[in-house]
Amino acid sequence: MKFGTKAIHAGVHPDPATGAIMTPIYQTSTYVQTSPGQNQGYEYSRTHNPTRSQLQDAVAALEGGKHGLAFASGMAVVDCIIKLLQPGDEVISTNDLYGGSYRIFTKVFAPLGIKFHFVPMHDMTAVREKVTDKTKLIWVETPTNPLLNIIDIEAAAEVAREAGALLVVDNTFSTPYLQTPLALGADIVMHSLTKYMGGHSDVVMGALVVNDDALLQRLAFLQNSCGGTPGPQDCFLVLRGLKTLHLRMQRHCENGRAVAEYLQAHPKVEKVFWPGFPEHPNHAVAAKQMRDFGGMISFVLKGDKQEDAIAVLEKLKLFTLAESLGGVESLSGHPATMTHASIPAEERRKAGLSDSLIRLSVGVEDIEDLLEDLGQAIG
Ligand SMILES: *Cc1c(COP(=O)(O)O)cnc(C)c1O
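Each value, and the rule that gives it
Residues numbered from 1 in each chain as written. Predicted model: local features only at pLDDT ≥ 70, side-chain atom pairs only at ≥ 80, totals over all residues. Heavy atoms only, no water. Near = heavy atom within 4 Å. Polar contact = N/O pair within 3.5 Å; in protein donor to acceptor, adjacent residues only side chain to side chain. Areas by Shrake-Rupley, 256 points an atom, 1.4 Å probe, with all protein chains shown as cover. 1 Å grid on protein atoms, 1.4 Å probe; cavity = no way out; pocket = protein on both sides within 12 Å on 5 of 7 lines; lining within 4 Å. Sits in = over half its atoms within 2 Å of the grid points. Nonpolar A, V, L, I, M, F, W, Y, C, P; charged D, E, K, R; others polar. Helix = DSSP H or I, 4+ residues; strand = E, 2+ residues; numbered from the N terminus. Buried < 20%, exposed > 50% of the residue type's maximum accessible area, 1.4 Å probe, protein only. Contact = heavy atoms within 4.5 Å. Points joined across faces, edges and corners; volume = space filled by probe spheres on them. Domains from an automatic or database assignment. Phe/Tyr/Trp six-rings, centres within 6.5 Å; stacked < 30°, edge-to-face > 60°. Lys NZ or Arg CZ within 6 Å of the ring centre and 35° of its normal. Buried area = accessible area lost by both parts, 1.4 Å probe. Salt bridge = Lys/Arg side-chain N within 4 Å of Asp/Glu carboxyl O.

1. Some details on the site of the ligand
Then, in step 1: The ligand sits among 13 residues. The nearest are M75, D170, S192, T194 and K195.
Then, in step 2: Take M75: an N or O atom from its main chain is 2.9 Å from an oxygen atom of the ligand.
Then, in step 3: Measuring from an oxygen atom of the ligand, one finds a side-chain N or O atom of S192 at 2.8 Å.
Then, in step 4: Surface burial for the ligand is 93%, taken as the share of its 370 Å² of free accessible area covered by protein chains.
Then, in step 5: Placement of the ligand is best described as lying within the largest pocket.
Then, in step 6: When its residues are assigned to classes, the shell around the ligand shows five nonpolar, five polar and three charged.

This is the structure we're talking about:
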């Protein structure tokens, strides 16, 4: 089955009780037992819920994996995955990382005795240098946020295999429409479903997909023990969003390309970060592992002044200034003061994240209107 067909049909089936074609919202916490322990596969909704099960199956199918688990947020997924580890274990992560992941690593799990190394992963030698016999996880996000660096997933999988570590890929920015990390050797692929997968900025949720049965069991045990599960209404909304994932992504990519080319040619723009440019340092890897280049773009203005960037952000009308990304509407953001404010200024600069950097999540509006908005804001 091709991707678009899967987006609409995979994992879901008509309701056996009524024939309802769309997955019902099973708004229930518990399930009747005919005799103690005798049930229809559902006991309590922290553990299993039929609306959630269909969403999990749909996400797993799109990622080309065996098992999916849905969570109350993307951060609940990160939390669950790191709980696979023990004090003394080490994680090697990209240094150009989602701010919330950086925060949970350094402020929640580092004090509990897990050690995190942050390295620029577009060069695997930096990763190999940090591998020790305590390395248990390698954490990849690609494209990275907000600098749109590309990490070679197959190369990272090889380093992980040699190290005896699990490879986790946060696939939030790409979605399985653009790349499927499990097929490239990842052990766990995770999502903030809040972004492109849900796609309509109306829900906060997360998910992970694995192939290994024992790994699924451990993660499901941790999830059920810790309780970061989503409600059925949110699962329904993401299921609805997934049905147009391929259509939305296609337009995000088309509009993303047009915006990147427009900004690149603009006399007031110093630099555009977008992996689709042939001169992007990791373009070849992007072209190898991705179907297209996505709708996330960052850029820096000539002069590199924070106040100029803020003036542009205040003038943008269609590119609404807001946290988050991946919705049908275009959004703009200032990573240094918004999404990445929890990363210390020195770390940000080391990662090459300038204080004047503007990040765009290019939506699926008509491109003429988007370019006009950018034109009036940049001047
Ligand atoms: C948003 C995001 C997260 C966290 O997800 P929430 O749903 O906001 O908890 C994790 N990783 C990436 C790349 C994200 O963009």
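2. Description of the environment of I81
Then, in step 1: By the element assignment, I81 lies in helix α3 (residues 74-82).
Then, in step 2: With relative accessibility at 0%, the residue I81 sits in the buried group.
Then, in step 3: The spacing of I81 and V168 is 87 residues in sequence and 8.6 Å in space, taken between C-alpha atoms.
Then, in step 4: With near-sequence residues (within four places) excluded, I81 lies in contact with L137, W139, V168, I188, M190, L208 and L219.

3. As for the layout of surface pockets
Then, in step 1: For the largest pocket, the calculated volume is near 380 Å³.
Then, in step 2: In this structure, the largest pocket is lined by 28 residues; those nearest its centre are M75, Y98, G100, S192 and K195.
Then, in step 3: Elements with a minimum of two residues in the lining of the largest pocket: α3, α4 (99-109) and β6 (188-192).
Then, in step 4: By residue number, the principal contributor to the lining of the largest pocket is α4, which donates four residues.
Then, in step 5: Of the residues contributing to the lining of the largest pocket, the split by class is 10 nonpolar, 12 polar and six charged.
Then, in step 6: When we break the lining of the largest pocket down by domain, the ones giving at least three residues each are domain 1 (3-242) and domain 2 (245-378).

4. A closer look at the packing of aromatic side chains
The relative placement of two aromatic rings is captured by the distance of their centres and the angle of their planes.
Then, in step 1: For the structure shown, the criterion picks out nine aromatic pairs.
Then, in step 2: Plain terms: the ring middles of F105 and W139 are 5.2 Å apart, the flat faces sit at 85 degrees to each other, and that makes the pair edge-to-face. Of this pair, F105 sits in helix α4 while W139 sits in strand β4 (residues 135-141), placing them 34 residues apart in sequence.
Then, in step 3: Accessibility expressed as a relative area gives 0% for F105, which makes it buried.
Then, in step 4: Note on W274 and F277: the rings are 5.1 Å apart at their centroids and 80 degrees apart in plane angle, and the pair reads as edge-to-face.
Then, in step 5: One aromatic cluster is present, built from ring pairs that chain together Y102, F105, F116, F118 and W139.
Then, in step 6: Taking the ring centre of F273 as reference, the NZ or CZ of K271 above it sits at 4.8 Å.
Then, in step 7: Of note, R291 hangs over the ring of Y177, and the distance from its end group to the ring centre comes to 4.0 Å.

5. Considerations on the domain arrangement of the chain
Then, in step 1: Taken domain by domain, the chain holds domain 1 (3-242) and domain 2 (245-378).
Then, in step 2: Contacts between the two partners involve 42 residues from domain 1 and, on the opposite side, 43 residues from domain 2.
Then, in step 3: Surface buried jointly by domain 1 and domain 2 totals about 3,500 Å² across both partners, of which 61% is contributed by carbon and sulfur atoms.
Then, in step 4: Between domain 1 and domain 2 we count two salt bridges in total.
Then, in step 5: A salt bridge links K288 to D152; the shortest N-O distance between them is 3.0 Å.
Then, in step 6: Inspection of the region where domain 1 meets domain 2 yields 17 residue pairs in polar contact (both at pLDDT 80 or more).
Then, in step 7: Counting residues per element, the ones that place at least two in the side of domain 1 that touches domain 2 are α1 (3-9), α4, α6 (153-163), α7 (175-178) and α9 (232-242).
Then, in step 8: Here the residues of the side of domain 1 that touches domain 2 sort into 22 nonpolar, 16 polar and four charged.

6. A look at the pattern of salt bridges
Then, in step 1: For the coordinates displayed, the defined rule picks out 10 salt bridges.
Then, in step 2: Here D79 makes a salt bridge to K83, at a shortest N to O gap of 2.7 Å.
Then, in step 3: By relative accessible area, K83 is classed as partly exposed at 28%.
Then, in step 4: The shortest N-O distance in the salt bridge between E158 and R128 comes to 4.0 Å. Placement of the pair is E158 in helix α6 and R128 in helix α5 (residues 124-130), with a sequence separation of 30 residues.
Then, in step 5: Assessed through its relative accessible area of 37%, E158 is described here as partly exposed.
Then, in step 6: What emerges from the salt-bridge pattern is a single network uniting R128, E158 and E162.

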